[in-house]
Structures are given as C-alpha cells and as structure tokens.
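Listed below are the residues making up each chain.
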Amino acid sequence: MGVKNFEAWDYVVFAGLFVISSGIGVFFAIKERKKATSREFLIGGRQMSFGPVALSLTASFMSAVTVLGTPAEVYRFGASFFLFLIAYLFVVFFTSELFLPVFYRSGITSTYEYLQLRFNKPVRYAATVIYIVQTILYTGVVVYAPALALNQVTGFNLWASVFATGIVCTFYCSLGGLKAVVWTDAFQMVVMIVGFLTVLIQGSNYAGGFHNVLEQARNGSRLHVVDFDADPLRRHTFWTITVGGTFTWLGIYGVNQSTIQRCISCKTEKHAKLALYFNLLGLWIIGVCAIFSGLIMYSYFKDCDPWTSGDVSAPDQLMPYFVMEIFTTMPGLPGLFVACAFSGTLSTVAASINALATVTFEDFVKSCFPHLSDKLSTWISKGLCLFFGIVCTSMAVLASFMGSVVQAALSILGMCGGPMLGLFTLGIVFPFVNWKGALGGLLTGIVLSFWVGIGAFIYPAPAYKTLPLPLSTDQCVQPNITTTTIATTTVAPQISSRPVLADTWYSISYLYFSAVGCLGCMAAGIIISFLTGKQRGKDIDPLLIRPVCNLFCFWSKKYKTLCWCGVQHDQEIEQDNLDGGGAWKQGVESALQNGLKQESVAQIPGYNPKDKSYSNSAQEKTTHF
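Per chain, residues are indexed from 1 in the order of the written sequence. Where local features are concerned, this predicted model is filtered to residues with pLDDT of at least 70; where side-chain atom pairs are given and counted, the filter is 80 or more; whole-chain, interface and lining totals use all residues. Side-chain metrics rest on all non-hydrogen atoms present in the structure, leaving aside hydrogens and water.

Student: Please set out the overall build of the protein residue by residue, giving values where relevant.
Tutor: Secondary structure counts use DSSP, requiring at least four H or I residues in a row for a helix and at least two E residues in a row for a strand, with both numbered from the N terminus. In terms of regular secondary structure, the protein is built from 23 helices and four strands. Taken over 625 residues, the protein has a buried fraction of 62%. With the model as given, the accessible surface of the protein reaches about 23200 Å², and the carbon-plus-sulfur share is 66%. To sort residues, take the accessible area from a 1.4 Å probe on protein chains only and compare it with the maximum for the residue type: under 20% means buried, over 50% means exposed, and anything in between is partly exposed. To measure how exposed things are, a 1.4 Å probe is used in the Shrake-Rupley method; for residues, cover is taken only from the protein chains shown.

So, in structure tokens, the structure goes:
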C-alpha cells in the first residue's frame, strides 16, 4: 500500500484542531478557577443550556468509528445503515420520556446512585464496575481508529498518534472539566460536518454528479435498504437494525453515564429534553453524511476495489485512502478530513474520561470519604481524569486486534450496555422487582451477552449470513488480478471443526447482543423477584419509578394504578437521606406524572407551572450533598 504524505497546509489544519481543543480547556480552567468545586468540575454547576449540550451529545457518540467505519460498511454491505435513523428516533424518545425524568428529578450526579436508592449498594457497585470496564474497552477502539487513518494517509507513527490523542484529551478534560468537554465537543461537531461536506462535494464531482453516484450504487445493489427477513442470524436487516439497533443505542443513551451526565447538567428538565431532541437532528445529519460518503466511495472504486487489490489492508482504511485520492491536488483538505476523524475521537474520549472520573468519585471515593473539602474533591476529580486518560489510551493497543471498528465498538457497547439497560429498566418500570432480582438479572444478562459475543468473535458467522456485496478489481493496474471477487470479513478465519452453536447462537447479528443481555436481565430479574418475595410498593419512593403507562395518556386510572404496584404516587412524600447514597430533595410530591392536581404540582420545589418543567437551581437549594 502506497502512503501519500501530508503537505504543510494539511499539518496546519490538523494541528489547529488540537490547539483550539486544548485552548478551550485552558480557557475554562482560568474562567472557572474561582468556582473550584467537584460539582462545578464534573457537571458544570447544572446550569448548561441545551444548544452546546446537544452538539456535545452528537459529537461524543458520532466518533471516528462513524467517520471511518460507517462509510466502509456502506461500501461493503450497502445503504441499510439508513435504517439506523429510525432506531435513533426510538432511542431519543425513550431516553427523554422514560429514563431522563427519573434521573433529572432525583438530583443525582452518577446514574449509579439511582441503583442504591432503588435497590442497595452491591447492585450499585456491580453496575459501576461493569460500566468502567465497558467504557475503557470502547474508548480504546475509538482512540485506535483515527490513529489508523493518520497512519494510512501520512505514514505518521501509529502509536505516536494514539498517545498524542490521549494526551490532548486528558489535558483539556483535566483542566476544564465538563464545561470544557461540552464546548470542545461543540467545536469538534462543526469540524466533523465541514469535513464530511468537503468529501461529499469533491467526491460527487469526481463521480460525475450526485445522480451518477445513485445510479452506480443502484447497479451495484448498494441501495437495497429494506430487507424484512426476520432471520436473527442475518447481519443487517430491517429488524436487526431497527430492533437490535434500538436496544444497542438505548444502552448508550438511556442509561449511560456520559449521556445522562450532560443532560442533568442542563439548567431545567425542558432544556435537557431539548438537548436530546436537537441531538437527534445531529445524529441524522452525521449519519446521512457518512452513508452518502460510502456510496460516493463505491462509485469511485466500483471497478478497482483497493481492499481486494491489496492497496489497503483493512476496510477501515478505505475512507482515508479515498480522501487522499480525491484531494491529491488540494492541500489542506486531507488534513481537514483527518481533523474530522480526530474530532469524533477527541469528543468521545474526553466524554468517557469525564464520565469515568465522575462515577469513580461519586460511587467509590465519596462513599468512602463523605466529608472531603471542595478543594480536595476537585483535585481528586482532576487526578481521576488523568488516570483514566492514561488507561483509555493504553487500551487502544487491544483495538488493533478487533477487526472492523464499527462492529467492535457496537459489540462492546451491546455486550455491556444491554444488561445495564435491563437493570435500569427493572428498577424504573417494574416496581415489584427487589435487589436480589436486580443483581441476579444483571449477572444473567452479562453471562448471556458475553457468551454470544465472545462466541461470535471466535466463530464468525458464515459469509452467506453476513452477505458482503460484490467488489470488482477488473480495471486495477495489477496484471495478476482481473476477476471479480467477493469481499470477506476481516475477523479470524473459520475453524474446520465448528461446534453446534457456531452456526446458530454464535452467528446471531452483533446488533442483537444488547437485546440478548437486556431481555435476559429483565426476565431473570422478574422471575427471581417473584421467587424471593416481591418488593413492597409502599417502601419505594415514587421519584424512582416511572412505569410505561406514564408515556400513554389514554390509559385508564385503573391500569395506571396497577402498573404502580402499590407505590404511593398520589401522596406527597418527603425524601429521606439514604445511608451513603445520593441526596434527595425535601418535600417533593411523589406523583410527578399521574394523578396530580394542578395546584399541588405547582408546589413541587423546582417546578415551573408555566413551562411544565423542573429546574436544577431549585434543587441546589433543597439538596444536601
């Protein structure tokens, strides 16, 4: 594979990303130096507005995995990724209407505080450890991806770029805290969009116009989007993407500390919901840009696939290779694209580091040392950011053995995020589930999801289930490659003696890993709770419960009462401080959605009758941390 070097302007553009990102961290470190508390550092003082938070949410989860991996997936498997736009809609709706209200109104900082308040400490600590492991593994993948891109297009040392990424992220995250992370994400989101637009414009020009791109994609079967085959072993169908994708991304958005931490940093619940819905627009925009980049790339390489011909060694190198091809005579633009890829990574890594520091401080440090001073708490938080920055960067070494970055990233999130989604769903939706059911369900979900995930890695699904589309090398320069070939997956080769489960259980679509873990967790949790004695509704604070009936106004009062399982949601309950747990607002009415009269709702601390929303400012006055 020939390496095409950066020119001076490429380095200037690329370096500018790092300089501005670091500068934002320094700015907030200086600006907020008089507000040096762990609360200000970790959650921005709960006074953020929805605009930058929405951009931050999009940038954090539309990482280099999306910039590099999604176009390569579309190039190889077609534009079925469009169906993820439907999954995103379901994910944002359930996050904003089901999970967010519980987390926001309870005044917690770490989402895992909820688990202690709803169940007990062992459940909280088990979930925290799983989250930490999941986030470190995932962050390793998204650090490795852009480093691979830079290595592909410039020959710059792969591991030097990995550690450069880690150092910059750790620097501005440790200095400026959540506010620096959010505003840097907003800047990096703009860079990502501009980078994609330059590729779309120049690439379509090379292909003879956008109409030509669509025509060639249609001839190459890349526009066959909707496949209603219900076979769960098929890699991408309508059902695997809309159903499996919803479970996977709901585990990322609905209960993930990184997402919820940004939402609860908003000054009102209304701002938090707006941040999620505007973030949906960002997800759609980035998703569409990535999909069309893949179609344009196919149009350009349709007669000479660089992967099959050996010009690139992995599918995830296709996009940077394509960029260097179309921007050969335009210095600075290759640097802009690599900055686009790195923007996704910087935002994701910084968000992960900040979230890891938050859960570690709130769930472990603060529980062991509850009387730390504000100054010491802030320094400990910064030290945790530094520690996790080093750990996450080091984990990028493992990512080099994981094959496709998209599949690796979503598999990790699915295997860990699915059981976590099931655990929080048990607590929020099913009031009768007890702590034994929650802990048993979590362990069951983890075992199931890791069983299928690791099995799928060792025994990859056969090609007739993944269905890679034809890639031609007919017009390549190499004389010894003249026939059309079919691309195969880059995972470990098939083993001749495959076990019975290899072509069934282990061949299930990677998008179902999360659903397996979530549903397994919920089923086991409900069964164990019935066997060991259901949780009494009167012992549960109504702020911790939000049954599904709350989402549907047409349900009768009888069915709503049934769903609440005895929880006193029609009375005003004073919240008590739990031993070692999070803090609670005093004198808050328990019925927040159902059965409340207008005059009683208006008395809830932080409730604004005009906007029908809750503010964090009032919570600050009534919450003791």
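Student: So what's going on with unusual backbone geometry? Which residues, and what values?
Tutor: For S221, which is not a glycine, the phi torsion comes out positive at approximately 65 degrees. You can see S221 is positioned in the loop between α9 (210–219) and α10 (238–253).

Student: Describe the packing of helix α4 (residues 64–77) against helix α12 (residues 269–301), listing the residues and the values that go with them.
Tutor: It is the contact of α4 with α12, at a shortest axis distance of 8 Å, that shows an interaxial angle of 50 degrees. The angle between α4 and α12 falls in the class oblique. The two elements α4 and α12 meet at a crossing, and its hand is right-handed. Between α4 and α12, the residues in contact are T66, T70, P71, A72, V74 and Y75 and I286, A290, I291, S293, G294, L295, M297, Y298 and F301, respectively. For this classification, the nonpolar set comprises Ala, Val, Leu, Ile, Met, Phe, Trp, Tyr, Cys and Pro, the charged set comprises Asp, Glu, Lys and Arg, and every other residue, Gly included, is treated as polar. Residue classes in the contact of α4 with α12 are distributed as eleven nonpolar, four polar and no charged. Axis lines are fitted through C-alpha atoms, for helices just across the contact stretch, and the angle between N-to-C directions can take any value from 0 to 180 degrees. Each angle is binned into one of four classes, with values under 35 degrees roughly parallel, values over 145 roughly antiparallel, values of 65 to 115 roughly perpendicular, and all other values oblique. For a crossing to be left-handed, the near helix must be turned anticlockwise from the far one by less than a right angle; the clockwise case is right-handed. Contacts were defined at the residue level, with two residues in contact if any of their heavy atoms lie within 4.5 Å.

Student: Tell me about the pattern of salt bridges, and name the residues and values.
Tutor: Pairing between side chains of opposite charge can happen when the charged atoms of each approach one another. Any carboxyl oxygen of Asp or Glu that lies within 4 Å of a side-chain nitrogen of Lys or Arg is treated as forming a salt bridge with it. In the structure shown here, the tally under the stated rule is eleven salt bridges. One salt bridge in this structure joins D229 and R234, with 2.9 Å as the shortest N-O distance. Judged by its relative accessible area of 31%, D229 falls in the partly exposed class. The class of R234 is buried, set by a relative accessible area of 13%. In the salt-bridge network here, residues are joined through shared partners; they are E97, R105, E269 and K273.

Student: Before we move on, can you summarise the packing of aromatic side chains with the specific residues and values?
Tutor: The description of an aromatic ring pair uses the distance of the two centres, along with the angle that the planes make with each other. For Phe, Tyr and Trp, where Trp contributes only its six-membered ring, two rings pair if their centres lie within 6.5 Å, and the inter-plane angle classes them as stacked under 30 degrees, edge-to-face over 60, or tilted in between. In this structure the tally under the stated criterion is 28 aromatic pairs. Aromatic pair Y88 and W249: ring centres 5.3 Å apart, planes at 80 degrees, arrangement edge-to-face. Pair noted here: Y88 is in helix α5 (residues 84–105) and W249 is in helix α10, with a separation of 161 residues, a long-range link. We note that Y88, like W249, is buried. Ring geometry for F103 versus Y114: centroids 5.9 Å apart, planes at 85 degrees, classification edge-to-face. Of this pair, F103 sits in helix α5 while Y114 sits in helix α6 (residues 113–118); the two residues are eleven residues apart in sequence, bridging distant segments of the chain. In terms of burial, F103 and Y114 fall into one category: buried. Pairwise contacts between aromatic rings join F81, F84, Y88, W249 and Y253 into one cluster. Placement of a positive charge over a ring is assigned whenever Lys NZ or Arg CZ falls within 6 Å of the ring centre and within 35 degrees of the normal to the ring plane. Stacked on the ring of F77, the Lys or Arg R235 has its end atom at 4.3 Å from the ring centre.

Student: How would you explain the nonpolar core if you had to name every residue and give the values?
Tutor: Within soluble globular proteins, side chains that are nonpolar generally end up buried alongside one another. Core analysis: the largest hydrophobic core is formed by 158 residues, its most contacted members being F99, Y114, L115, W249, Y253 and L423. In terms of residue count, the dominant contributor to this core is helix α14 (residues 333–368) (18 residues). Residues contacting Y253, with those up to four places away along its chain left out, are L57, T58, F61, V91, T95, T259, I260, L276, N279 and L283. Side-chain atoms within 4.5 Å are what join buried Ala, Val, Leu, Ile, Met, Phe, Trp, Tyr and Cys residues into a set we call a nonpolar core. Counting residues in hydrophobic clusters, the runner-up holds five residues, among them I540, I545, C549 and W564.

Student: Tell me about helix α11 (residues 257–264), and name the residues and values.
Tutor: The element α11 is largely enclosed, with a buried count of eight among its eight residues. As used in this structure description, the phrase polar contact means that two N or O atoms lie within 3.5 Å; if the pair is within protein, one of them must be able to donate a hydrogen and the other to accept it, and residues adjacent in sequence are counted only when both atoms belong to side chains. Measuring from the backbone nitrogen of S258 back to the side-chain oxygen at the start of α11 gives 2.8 Å, which picks out N256 as the cap.

Student: Describe the environment of C392, listing the residues and the values that go with them.
Tutor: Its place among the elements puts C392 in helix α15 (residues 374–394). Those residues in contact with C392 that sit more than four places away from it in its chain are I136, T139, G140 and L356.

Student: So what's going on with the packing of α9 against α12? Which residues, and what values?
Tutor: At a minimum axis distance of 9 Å, the contact between α9 and α12 shows a crossing angle of 80 degrees. Accordingly, the angle class assigned to the pair α9 and α12 is roughly perpendicular. The segment α9 lies against α12, with F210, V213, L214, Q216 and A217 engaging F292, L295, I296, Y298 and S299. Residue composition of the contact of α9 with α12, by class: eight nonpolar, two polar and no charged.

Student: A description of the state of the cysteines should follow, citing residues and the corresponding values.
Tutor: The disulfide criterion used throughout: a pair of cysteine sulfur atoms within 2.5 Å. For the coordinates displayed, the defined rule picks out zero disulfides. Cysteine C521 is unpaired, with the sulfur of C518 as its nearest cysteine sulfur at 6.9 Å. Its relative accessible area of 0% is what places C521 among the buried residues.

Student: I'd love a proper account of the side chain of R124, names of residues and values included.
Tutor: Within the secondary structure, R124 sits in helix α7 (residues 121–154). Within polar-contact distance, the side chain of R124 engages the side chain of D363 at 2.6 Å.

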